[in-house]
Structures are given as structure tokens and as C-alpha cells.
Amino acid sequence: MRSKIKDVRAMEILDSRGNPTVKAFVTLSNGIIASASCPSGASTGEHEAVELRDGGASRYGAKRVLKAVAHVNEKIAPILIDMDPARQAEIDRLMIHLDGTPNKQRLGANAIVSVSMAVARAAAVDAGLPLYAYMGGFAAVRIPMPMIMPVGAPNFTEAMLYATHTFHALKDILSEKKYTTSVGDEGGFAPNLKSNDEACELIIQAIETAGLKPGKDVAIALDPAASSFYGDGGYEFKKSGQGKKSAADMIALYRDWIGKYPIVSIEDGLAENDWEGFCSQTAEQGNKIQIVGDDIFVTNTRYIARGIKEKAANAVLIKLNQIGTVTETMEAINLCRKAGWGFVVSHRSGETDDSFIADFAVAMGGGQIKTGSVCRGERVAKYNRLLEIEAELGKAAIFENPFKGAS
Ligand code: MG
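Bear in mind the structure is a predicted one, so any value in this text is a computation, not a measurement.

What counts and what doesn't
Residues numbered from 1 in each chain as written. Predicted model: local features only at pLDDT ≥ 70, side-chain atom pairs only at ≥ 80, totals over all residues. Heavy atoms only, no water. Domains from an automatic or database assignment. Contact = heavy atoms within 4.5 Å. Buried area = accessible area lost by both parts, 1.4 Å probe. Salt bridge = Lys/Arg side-chain N within 4 Å of Asp/Glu carboxyl O. Polar contact = N/O pair within 3.5 Å; in protein donor to acceptor, adjacent residues only side chain to side chain. Helix = DSSP H or I, 4+ residues; strand = E, 2+ residues; numbered from the N terminus. Nonpolar A, V, L, I, M, F, W, Y, C, P; charged D, E, K, R; others polar. Pairing = 2+ DSSP bridges. Phe/Tyr/Trp six-rings, centres within 6.5 Å; stacked < 30°, edge-to-face > 60°. Lys NZ or Arg CZ within 6 Å of the ring centre and 35° of its normal. 1 Å grid on protein atoms, 1.4 Å probe; cavity = no way out; pocket = protein on both sides within 12 Å on 5 of 7 lines; lining within 4 Å. Points joined across faces, edges and corners; volume = space filled by probe spheres on them. Expected span 1.5 Å × (residues − 1). Buried < 20%, exposed > 50% of the residue type's maximum accessible area, 1.4 Å probe, protein only. Donors = N, O, S within 2.8 Å, 3.2 Å for Na, K, Ca; no water. Axes fitted to C-alpha atoms, helices over the stretch in contact; angles between N-to-C directions. Parallel < 35°, antiparallel > 145°, perpendicular 65-115°, else oblique. Left-handed = near helix turned anticlockwise from the far one by under 90°.

Here the chain is partitioned into domain 1 (5-128) and domain 2 (139-396). For domain 1 versus domain 2, the distance between C-alpha centres works out to 27 Å. Taken together, the 33 residues of domain 1 in the interface contact 26 residues of domain 2. Taking both sides of the interface into account, the surface hidden between domain 1 and domain 2 amounts to around 2,400 Å²; carbon and sulfur atoms contribute 49%. Across the domain 1-domain 2 interface, the total number found is 4 salt bridges. Between Lys104 and Glu328 there is a salt bridge, and its shortest N-O distance comes to 3.0 Å. One can count 20 residue pairs in polar contact (both at pLDDT 80 or more) joining domain 1 with domain 2. Mapped by element, the contributors of at least two residues to the side of domain 1 that touches domain 2 are strand E1 (5-14), strand E3 (33-37), helix H3 (88-99) and helix H4 (109-127). Sorting elements by how many residues they give to the side of domain 1 that touches domain 2 places H4 first, with 7 residues. Here the side of domain 1 that touches domain 2 is built from residues that sort into 14 nonpolar, 12 polar and 7 charged.

The next point concerns the sheet that holds strand E10 (residues 263-267). Read from one edge to the other, the open sheet built from 7 strands follows the order E5-E14-E13-E12-E11-E10-E6, with strand pairing classed as parallel. Two strands close off the open sheet at either side, each with one partner strand: strand E5 (145-146) and strand E6 (220-222). As judged from the 4 bridges shared by strand E12 (residues 315-318) and strand E13 (residues 342-346), these two strands associate in the parallel manner. In the strand pairing of E13, Ile318 is matched with Val345.

Enumeration according to the criterion identifies 9 aromatic pairs in this entry. What links up through ring pairs into an aromatic cluster is the set Phe229, Tyr230, Tyr235 and Phe237. Note that Lys245 overlies the ring of Phe237, its terminal NZ or CZ placed 5.4 Å from the centroid. Geometry around Trp275 places Arg306 over its ring, the cationic atom sitting 3.8 Å from the centre.

Now for the layout of surface pockets. For the second largest pocket, the calculated volume is near 250 Å³. Looking at the second largest pocket, it is lined by 15 residues, and the ones nearest its centre are His47, Pro102, Asn103, Asn300 and Arg302. For the lining of the second largest pocket, the secondary-structure elements that each account for two or more residues are helix H10 (301-310), helix H11 (320-323) and helix H12 (326-338). Among the elements that make up the lining of the second largest pocket, the one with the highest residue count is H10 (3 residues). Taken together, the residues of the lining of the second largest pocket sort by class into 4 nonpolar, 6 polar and 5 charged. Residue assignment places the lining of the second largest pocket across two domains, with domain 1 (5-128) and domain 2 (139-396) each supplying three or more.

What follows covers helix H2 (residues 66-80). Its 15 residues place the ends of H2 20 Å apart at the C-alpha level, agreeing with the 21 Å of an ideal helix rising 1.5 Å per residue. When H2 is considered as a whole, its buried residues turn out to be Ala68, Val69, His71, Val72, Asn73, Ile76, Ala77 and Leu80. Of the surrounding elements, those touching the buried residues of H2 are E1, strand E2 (20-28), H3 and H4. Note on H2: the residue one or two positions beyond its end, Asp82, has a positive phi of about 80°.

The next thing to look at is empty space enclosed by the protein. Tallied over the full model, the rule gives 1 cavity of 30 Å³ or more. Here the largest cavity is characterised by a volume of approximately 100 Å³. Forming the walls of the largest cavity are 13 residues, and the residues nearest its centre are Pro39, Met117, Leu320, Glu351 and Ile357. Where the lining of the largest cavity is concerned, the elements lending two or more residues are H11 and helix H13 (356-363). Grouping the amino acids of the lining of the largest cavity by side-chain chemistry returns 5 nonpolar, 4 polar and 4 charged. Counting residues domain by domain, the lining of the largest cavity receives three or more from each of domain 1 (5-128) and domain 2 (139-396).

Next up on the list: the sheet that holds strand E9 (residues 244-245). Pairing between the strands of a sheet comes from backbone hydrogen bonds, and it takes one of two forms, parallel or antiparallel. Strand order in this open sheet of 3 strands is E7-E8-E9, and the pairing throughout is antiparallel. This sheet does not close on itself; its edge strands, each paired only once, are strand E7 (230-231) and E9.

Moving on, we come to the coordination of the magnesium ion. Taken together, Glu267 (OE) and Asp294 (OD) make up the protein donors of the magnesium ion, found 2.0 to 2.2 Å from the metal. Note that Glu267 is positioned in strand E10 and Asp294 in the loop between strand E11 (290-293) and H10, a separation of 27 residues in sequence. Given the relative accessible area of 2%, Glu267 is considered buried.

Attention now goes to the side chain of Ser349. Here Ser349 lies in the loop between E13 and H13. In this structure the side chain of Ser349 is engaged in a polar contact, spanning 3.0 Å, whose partner is the backbone nitrogen of Ala42. With residues near it in sequence (within four places) discarded, Ser349 still touches Ser16, Arg17, Ser40, Gly41, Ala42, Asp185, Glu186 and Arg379.

A separate point is the environment of Pro144. Here Pro144 lies in the loop between strand E4 (142-143) and E5. For Pro144 and Pro402, which are 258 residues apart along the polypeptide, the C-alpha to C-alpha distance reads 9.6 Å. Beyond its immediate stretch of four places on either side in the chain, Pro144 contacts Phe156, Ala361, Val362, Gly366, Gly367, Gln368, Ile369, Leu386, Phe399 and Glu400.

Bringing the packing of H2 against H3 into the picture now. Between H2 and H3, the least distance of the axes is 10 Å, while the angle of their chain directions is 140°. Here H2 is positioned oblique relative to H3, judged by the angle of their axes. Handedness of the H2/H3 crossing: right-handed. Contacts between H2 and H3 pair Lys75, Ile76, Ile79 and Leu80 from the former with Ile91, Leu94, Met95 and Leu98 from the latter. Looking at the contact of H2 with H3 residue by residue, the class counts come to 7 nonpolar, no polar and 1 charged.

Quick look at the structure:
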């Protein structure tokens, strides 16, 4: 007899920034219990699914997710009990229907996505398979390229060595120059540099100090997150005090950098509503580098389809909680694949130790993974899971490399 969902529960836990987030537990009739935790973005796309927080006057209280937790326990659980956990698409559709809004604002995307991921995990354990194999089948043997971009590495294990050598070399260089080496939310260094050019130059110096070749062994991927410095019809670099830049100015800046540095990918080089800017950048630079849309597409097939039609990018940043269910995330990736676009499965700035996205990326056939620097436990958890998967797959493992010989 097939197992059924016996119980669905959620609780409030903390993310890597010390903010409350949702963890969901799914119990099956045969006693299997699986769980999954929802991450949380700091800079969020305007159109992304709604992360439900309690709100109110107190600083911490406003961030609590007790409403979302209650929605799992009181509204979602009753409709999923007795269902077959392997019916992921149907379960996800039931939750979307129960919510009834286009952006999951009623139940909360944080409530829905943690249940959706926990259901997949419970079904995988029930099937006796690792999560990547359950979601991706026997063809799930491709390990994604990390966004630290060790493009010359022969496999993921070596890729991580390239990344850590470069990271440690950069730390030494920064301290020599008396810059701070404390790290930000995603584990990256956040020194107070003189210019954007200096950032690229120091990274190149670090790659060389690590005994690697810039461009050949390790390339650079940028995420300017341009929505964050766009306002009143222009892009503004507050520090340089040069006044507002147009989309054309930004594209010219990227042209200059691509000419000078081994850059293979730029994410959100323009603001989320600057479709025209995205289209111009793709027309000019899309045959040389990867143009990734994050805030502009918010993992939503509606925006991705428009992007494909208008040639607004050539790759999509994929975040499960930006859209809110495993099934819809898979649909977004399928759309990318059909169009010949790249996809990058991504963490959020607020993360937990949950390594779901590592298995998910392998299940989706590799692509790329963006899960921060090679420090901080919640970032490294994903890389460590990929190391485990590569070891488990052994000779069958293929290291995905869309940038072979790129620079
Ligand atoms: Mg981004």
C-alpha cells in the first residue's frame, strides 16, 4: 500500500540573519518525517510571491511568521492529509488554489514553499531515493557550475578548491591593503573599496595569487542588482558622485568591463522594470556573455515568457520562494531550457542550513548554482551537499560547464 500524508505542521525558526522564517514538517502514514525551511531575500523583486510576516509596531514582532505558520497548520494541513506525497504537482496546485491570489499573499509564499519542499523530501525518503534522484530521475547526474565561476575545473570537487584558494588569497590581499575582511550576509567580503574597477582588479590578483589563470581557470560573474541603485529615471552611484546614468551609460560601462576583465555573466545589470535596457544589453552583449534576469523575471513563467519573446536576457535566476512551489519552479526552468536559455538556481541572502537547492539543481540537470561565498555555514551547506552528490554519483557525475573556453 502506498504511504499517505498523515500530518503537516510548521514552526517558526531563525534564518542566517536572525530573522524568523518557516520550517515545515510532513509526516507520512509509514512514520517517515521530512522537513524543509524557507529562505528570505533582502532585496526582493517587486513582482515576487509574497513573504507573509505578522506586521505590527514592534521591530522583531513585525518580522515574525506566526500567521504563515498558522496557515500551514490550520489551512494547508487539512487539504493535504491522506494525499499521496508523490503527487507533487497536484499538491502544489491545491495550495495555489487554496491561496487563490496571483502572488500567494493570502497564505504566504513562505508557508506554501516550505510545505512544497517538505512534501518532495518526504516522497523521496518514501521512494528510498536521494532527493536529487527522486526529483530528477536517473538522468540527474549533472553537477551545477557555482557562480564563483571556476570555469577551468574538471569537476565540482576541484571547482571548490579553485574557489577556496581564490577566497583565501583575496582575504590575504585585502588585509595587506588594510581593508576589512569581515563578510556580508552571503559570505563575501565587503571592503570599502575606492571603485568598482578596484573590486575586479583585486579579484584578478587573488586568482593569480592562488596559482590560477583569470578567465581560463576562474572567471568573474557580476550581480550589480541594478534595481537597488535605480530611481527617478536613472542609475546613481552615490559614492562616485557622477550624477545619474542612463541605461545606455550602464551598458557602456559593462562593455568597458567586459573588455578589461574576464567577465562571463552579468545579473540584473539594469533595473527590474527597465525591459528596454535589458533588451539593448542583450542585443549588444548577449552573444559574448550570459545576461541573467533575477528581479525582472522573479522565477515567474509569465515574465520569463515575455523575456524570451522580447529577447530581454539569455538566462534566468531561479529562486523557489520567489514563485512559491516546487512545481512552478520546475515549469520556469523548463521554459528556460526550451528557449535555450541558461538557468541559475539561487539561494537568498537570508538562508538556513537547508540544502534543498543543491539537490534541486542536480535534479534539474545541472545549470548553475549561486549560493554565496565559500564561508558561513548556511552557504557552505549547499556546496557540501553538492560534494556529497558528486561523490555518490562517482563516475556517472558530469560537471556542468556552460563557459568552457569562454574567455
Ligand atoms: Mg539578484
